Amino acid sequence: MTSFQLTKILNLKEYEKQKALHEYEEARRRFEEVAEKLYHFLKQKEDYEEQHKQQLQSGLAVQHIRSFQQFMNNLQRIIDHYQHLVMQARQQMELKQLKLVELNVEVKKYEKIKEKHDEMIAQQMRIAEQKQMDDISIQQYCYRETR
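For every chain, the first residue of the written sequence is number 1, and numbering continues from 1 onward in sequence order. Residues qualify for local features only when their pLDDT is at least 70, as the model is predicted, and side-chain atom pairs are given and counted only at 80 or more; totals for whole chains, interfaces and linings, by contrast, use all residues. Hydrogens are left out, water is left out, and the side-chain values use all remaining heavy atoms of the structure.

A. Geometry of the packing of aromatic side chains. Pairing of aromatic rings covers Phe, Tyr and Trp, the last counted by its six-membered ring, and requires centre-to-centre distances within 6.5 Å; plane angles under 30 degrees mean stacked, over 60 mean edge-to-face, and any other angle means tilted. Per the stated rule, a full pass over the model turns up 2 aromatic pairs. Seen in terms of ring centroids, Phe 41 and Tyr 82 are 5.3 Å apart; in terms of plane orientation they differ by 35 degrees. Their pairing is tilted. Of this pair, Phe 41 sits in helix α1 (residues 7–58) while Tyr 82 sits in helix α2 (residues 62–146), placing them 41 residues apart in sequence. Judged on exposure class, the residue Phe 41 and its partner Tyr 82 are both buried. Ring centres 4.9 Å apart and planes at 85 degrees place the aromatic pair Tyr 48 and Phe 71 in the edge-to-face group. Placement of the pair is Tyr 48 in helix α1 and Phe 71 in helix α2, with a sequence separation of 23 residues. To qualify as a helix, a DSSP run of H or I must reach at least 4 residues; to qualify as a strand, a run of E must reach at least 2; elements of each kind are numbered from the N terminus. The buried label goes to any residue with under 20% of its type's maximum accessible area, the exposed label to any with over 50%, and the partly exposed label to all in between, with areas taken from a 1.4 Å probe on protein chains only.

Here's what the structure looks like:
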């Protein structure tokens, strides 16, 4: 039985696929981390705004209002920064996912080629066995006839 000639390429493509899967998982994890941080800061902003709203109803000093505004401006800058990071992380994750899908398709192609090769070899073996059986049958027939 002959070996599949593209085994090394198939193995290389499978390795590339596993590497791409690892990179995708890493990008997805990074996206989730950044998104969680963004959520945390958005939730923090919402909580502080609600707390500030309640404090305003009971009366606050102007200095406290100014420091709150400064704090909220800083928090908004952090939120903007994390929104940007989330967008970048999402883009990276989507690129890694596309690469993974492409490599998955390539591996499937080579696996299909290997499958067809294996089927062809099996068919050739069946034909050779059948021919051998036919030869044995003919020899037995000839042996009986000559007796």
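B. Region of interest: the environment of Gln 140. By the element assignment, Gln 140 lies in helix α2. As for Gln 140 and Glu 33, which are separated by 107 residues in sequence, their C-alpha atoms are 77 Å apart.

C. Representation of the environment of Gln 18 within the structure. Relative to the assigned elements, Gln 18 resides in helix α1. In this structure the C-alpha to C-alpha distance between Gln 18 and Lys 131, which are 113 residues apart in sequence, comes to 44 Å.

D. Molecular detail of the UniProt feature "coiled-coil region" (unreviewed entry) in the chain. UniProt positions are given in the numbering used here, feature names are shortened, and annotations may be inferred rather than shown by experiment. UniProt tags residues 10–37 and 72–120 as "coiled-coil region" (unreviewed entry). Regarding residues 10–37, the helix share stands at 100% and the strand share at 0%, and the terminal C-alpha atoms are separated by 40 Å.

E. How the structure looks around the side chain of His 52. Positionally, His 52 belongs in helix α1. Under the relative-accessibility criterion, His 52 is labelled buried at 7%. Apart from residues no more than four positions distant in its own chain, His 52 is found in contact with Leu 60, Ile 65 and Phe 68. Residue contacts are counted whenever heavy atoms from the two residues lie within 4.5 Å of one another.

F. Quick peek at α1. The end-to-end C-alpha separation of α1 is 76 Å, in line with the 76 Å expected for 52 residues at 1.5 Å each. Looking at α1, one finds that the buried residues are Leu 10, Lys 13, Ala 20, Tyr 24, Ala 27, Phe 31, Val 34, Leu 38, Phe 41, Lys 45 and His 52. Of the surrounding elements, those touching the buried residues of α1 are α2. Looking at the residues trailing α1, positive phi occurs at Gly 59, about 100 degrees. One less than the number of residues in a helix, times 1.5 Å, gives the span that helix is expected to have.

G. Quick peek at the side chain of Lys 13. Within the secondary structure, Lys 13 is located in helix α1. Among the polar contacts listed, one links the side chain of Lys 13 to the side chain of Glu 106, at a separation of 2.7 Å. Other than its neighbours up to four places away in sequence, Lys 13 contacts Glu 106, Val 107 and Tyr 110. For the purposes of these results, a polar contact is taken to be a pair of N or O atoms within 3.5 Å, where, inside protein, one atom must be able to donate a hydrogen and its partner to accept one; residues adjacent in sequence count only when each atom of the pair is a side-chain atom.

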